[in-house]
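# Inside the fold
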Amino acid sequence: MARITRRLGNGLRTSRELFGNLWDGPYWWLVAVVAILLPAAVIFVVLQAAPIVAPFVYTIF
């Protein structure tokens, strides 16, 4: 359990550093792109898990 918690903490720290560098650096506009694409990806993954909605999600692509 401690190993899982440590891995999760490392992943969150890496994500925080990535967004911090994107925001402070010359690529600050990528924060908006990631902020839109990440929730969209999560929604598509969740929708594909529902067997009724999955065929309609596949037709989008």
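Summary of the structure given here. (Residues numbered from 1 in each chain as written. Predicted model: local features only at pLDDT ≥ 70, side-chain atom pairs only at ≥ 80, totals over all residues. Heavy atoms only, no water.)

On to the overall build of the chain, then. Summing up its helical and strand segments, the chain has 3 helices and 0 strands in all. Taken from N to C terminus, the helices and strands of the chain fall in the order α-α-α. Taking all 61 residues of the chain together, 8% fall into the buried category. With the model as given, the accessible surface of the chain reaches about 5,500 Å², and the carbon-plus-sulfur share is 73%. (Helix = DSSP H or I, 4+ residues; strand = E, 2+ residues; numbered from the N terminus. Buried < 20%, exposed > 50% of the residue type's maximum accessible area, 1.4 Å probe, protein only. Areas by Shrake-Rupley, 256 points an atom, 1.4 Å probe, with all protein chains shown as cover.)

What follows concerns a nonpolar patch on the surface. Residues Trp23, Tyr27, Trp28, Trp29, Val33, Ile36 and Leu37 make up a contiguous nonpolar surface patch of roughly 860 Å² in combined accessible area. Examining the composition of the nonpolar patch, we find that 3 residues originate from one element, helix α2 (residues 30-49), more than from any other. Looking at the secondary structure, you find Tyr27 in the loop between α1 (2-24) and α2. A residue is classified by how much of its surface remains accessible, and Tyr27, at 49% relative accessible area, is partly exposed. (Patch = residues over 30% accessible without salt bridge, like charges linked within 9 Å, V, L, I, M, F, W, Y side chains within 5 Å. Salt bridge = Lys/Arg side-chain N within 4 Å of Asp/Glu carboxyl O.)

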